[in-house]
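A look at the structure
So you can see what is in the structure, the chains are spelled out below.
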Number of protein chains: 2
Amino acid sequence: HKIIFNDEIKDHLNPASTIICNDTRIGLAAGSDNKNRIMVICGTGSNCFGINESGEEAKVNGWDYILGDEGSGYEIGIKALRALMRAYDGRGKNTLLSKTILKDLGIKNIEELIKWAHDVSLTKDKISEIAITVCRTAEKGDKISIELLKEEAREVLISISTVVNKLGLVNKEFDLVFVGSVFKCEKYFKSVLMKELKEKFAGINFKPLIKKPVEGAIKLAIQNI
Amino acid sequence: HKIIFNDEIKDHLNPASTIICNDTRIGLAAGSDNKNRIMVICGTGSNCFGINESGEEAKVNGWDYILGDEGSGYEIGIKALRALMRAYDGRGKNTLLSKTILKDLGIKNIEELIKWAHDVSLTKDKISEIAITVCRTAEKGDKISIELLKEEAREVLISISTVVNKLGLVNKEFDLVFVGSVFKCEKYFKSVLMKELKEKFAGINFKPLIKKPVEGAIKLAIQNI
């Protein structure tokens, strides 16, 4: 574990007895005891991190809104907003999202949506919450929403497959710990992704992260005493 | 022309003798005398605006970085950065962009690029300038860059086609005024777009905007005396 301390932290913690690490590492420790284990987060952001029995590590994605966060709630939200504007312009197909997004945001019309999108107080979390609307709209049969969710599920499949390949786990038994709000989207995201993963990797075990990440932090600390 | 005045402007300009309008309208007036005329901008942002002989108007795209600016330098820059990160992760194919972008930005490695992308002083213009790098990299034969530019050219084709349809100009003679830094990208953007446009619309005349937009502003003012 590479430990990076800045001067402010040094006043509060002893560098010799402190591990600072990515939250994926803590979640992974909390969610799996398997020696071959991978964790994928699909929340506001999305990334994938894994460790194999030789102690090798691999991490992909999760580069934020400029460099890319494919498969995240933020990405789904942005794509949904753009689908809405395409429909408004006549550049794209009509979609139920034109109604459902405005309704869920409590916004009256496109003029207000444009103001909303340029408001300085707009956060990545707010955009990410639109993923819930997309999920519900897909379940009503909206083709644009269904395709959008499947596209992002494919992105997560690419992330996980890349980590599996890097760790040499293609034909091995391993745990996949998964967590994040986007996994609440069952039919057109979670199920699509899991079906593809099962077909590609026979030895995969799906482990929803139920324990609190702090339990993983404690586990890591005990292992390093 | 809908005139919107705020209190600050009122102190300096007389509302009764002032026209406030989008810069596309000025550019369009400067670039064409045809009664059927369309203007497309592909700079940092991208939008398309047109007027037909009946005085009907149509405008699409140009919704900025959240709601969408397809076909813009900004969009090309963002997609290029993401292609670079995909290659770095092993999620995507190798691309020459991994070298050319860092070189043109004067950045040593990925760690520095991540800092650059999160710097508060990063502007849309800076991201948009990466389009020039993508263009040069495409001309060296890089497949990812070529595909990226063609994709954005297709987006601009969709924007223009939508305006043409809305104004009922499919089978008529009309001017297309074009301007913006992305049109400097000849081989895989401008040529691709113009070839497609010629095939779809036999009556199209291409008019690069050579005059200064201010000349269009003067023209509009004289017409409204």
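My aim in this report is to walk through the structure given alongside it, one point at a time. Sequence positions are assigned chain by chain, starting from 1 and proceeding in written order. Chains and ligands are labelled by the order in which they are written, letters from A for the one and numbers from 1 for the other. Per-residue local features are limited, in this predicted model, to residues with pLDDT of at least 70; the limit for side-chain atom pairs, both in listing and counting, is 80 or more; totals at the level of whole chains, interfaces and linings are taken over all residues. Heavy atoms from the whole structure form the basis of all side-chain values; hydrogens and water molecules are not counted.

**Observations regarding the interface of chain B and chain A**
Note on contacts: a residue pair is in contact if any heavy atoms of the two residues lie within 4.5 Å. Counting residues at the interface gives 31 residues for chain B and 31 residues for chain A. What counts as buried area is the accessible surface, traced by a 1.4 Å probe, that two parts surrender upon association, with contributions from both included. Taken together, both faces of the contact between chain B and chain A bury some 2800 Å²; the carbon and sulfur share is 55%. A carboxyl oxygen of Asp or Glu within 4 Å of a side-chain nitrogen of Lys or Arg is what we treat as a salt bridge. For the interface between chain B and chain A, the tally reads eight salt bridges. Polar contact is defined as a pair of N or O atoms within 3.5 Å, subject to the rule that within protein one atom must be able to donate a hydrogen and the other to accept it, and that residues adjacent in sequence are counted only when both atoms are side-chain atoms. Where chain B meets chain A, there are 18 residue pairs in polar contact (both at pLDDT 80 or more). Numbering of helices and strands runs from the N terminus; a helix is a DSSP stretch of H or I covering at least four residues, while a strand is a stretch of E covering at least two. Contributing elements (two or more residues each) for the side of chain B that touches chain A: strand 3 (57-61), helix 3 (64-67), helix 4 (73-89), helix 6 (110-118) and helix 8 (143-166) of chain B. Ranked by residues supplied to the side of chain B that touches chain A, first place goes to helix 4 of chain B with eight residues. Classifying every residue of the side of chain B that touches chain A by side-chain character gives 15 nonpolar, six polar and 10 charged. Charged residues are taken to be Asp, Glu, Lys and Arg, nonpolar residues to be Ala, Val, Leu, Ile, Met, Phe, Trp, Tyr, Cys and Pro, and polar residues to be all remaining types, Gly included.

**Notes on the environment of Gly-73 of chain A**
All names here are of chain A. With respect to the secondary-structure elements, Gly-73 resides in helix 4 (residues 73-89). Taking the C-alpha atoms as reference points, Gly-73 and Ala-131, 58 residues apart in sequence, are found 5.4 Å from one another. In contact with Gly-73, other than residues within four places in its own chain, are Gly-43, Thr-44, Ile-127, Ser-128, Ala-131 and Val-182.

**Observations regarding the sheet that holds strand 4 (residues 174-179) of chain A**
Residue and element names in this part refer to chain A. Any two strands with at least two DSSP bridges between them are considered paired. In space, the five strands of this open sheet follow the order 3-2-1-4-5, with mixed pairing throughout. Every interior strand has two partners, whereas the edge strands, strand 3 (57-61) and strand 5 (204-208), have only one. The sheet shows a mean angle of 15 degrees between the axes of neighbouring strands, direction not considered. Each axis is a line fitted through C-alpha atoms, and for a helix only the stretch in contact is used; angles between axes span 0 to 180 degrees, taken between their N-to-C directions. With respect to the sheet, helix 2 (residues 23-31) is in contact with strand 1 (37-42), strand 2 (46-51), strand 3, strand 4 and strand 5, its orientation differing from that of strand 1 by roughly 120 degrees.

**Details of the relation of the copies chain B and chain A**
When chain B is fitted to chain A, the residual RMSD is 0.1 Å, and the transformation amounts to a turn of 180 degrees plus an axial shift of 0.1 Å. The symmetry that links the two subunits is that of a two-fold axis. An overlap of 100% is found between the interface residues of chain B and their copies at the interface of chain A, pointing to a shared contact surface. The atoms used to superpose the copies are C-alpha atoms, taken from residues with pLDDT of at least 70 in both, and the fit is least squares.

**Structural notes on the pattern of salt bridges**
As enumerated under the stated definition, the model contains 32 salt bridges over all chains in all. Lys-219 of chain A is the partner of Asp-33 of chain A in a salt bridge, and the nearest nitrogen-oxygen pair spans 2.5 Å. One end of the pair, Asp-33 of chain A, is in the loop between helix 2 and strand 1; the other, Lys-219 of chain A, is in helix 10 (residues 213-223), with 186 residues separating them in the sequence. It is possible to trace a salt-bridge network through shared partners that takes in Glu-70 and Glu-155 of chain A together with Arg-86, Asp-89 and Arg-91 of chain B.

**Topic: the pairing of strand 5 (residues 204-208) of chain B**
Residue and element names in this part refer to chain B. Pairing geometry for strand 4 (residues 174-179) and strand 5, over five bridges, is parallel. Considered in strand 5, the bridge of Asp-175 is made with Asn-205. Following the chain from strand 4 across helix 9 (residues 186-200) to the adjacent parallel strand 5, one finds a crossover that is right-handed. With strands facing away from the observer, any crossover in which the path from the first strand over the helix to the second runs clockwise is taken as right-handed.

**Things to note about the layout of surface pockets**
By volume, the largest pocket amounts to about 1400 Å³. The pocket and cavity definitions rest on a 1 Å grid over protein atoms only: a 1.4 Å probe that fits but cannot leave marks a cavity, an open set with protein on both sides within 12 Å along at least five of seven lines marks a pocket, and residues lining either have an atom within 4 Å of a point. Forming the walls of the largest pocket are 35 residues, and the residues nearest its centre are Lys-79 and Glu-151 of chain A together with Glu-75, Lys-79 and Glu-151 of chain B. Secondary structure elements with two or more residues in the lining of the largest pocket: helix 4 and helix 8 (143-166) of chain A together with helix 4 and helix 8 of chain B. Residues from two domains meet in the lining of the largest pocket; each of domain 1 (7-62 + 150-180 + 190-223) and domain 2 (73-149) of chain B gives at least three. Grid points are joined across faces, edges and corners, and a volume is the space filled by probe spheres set on the points. Start and end points for every domain follow an automatic or database-based domain assignment.

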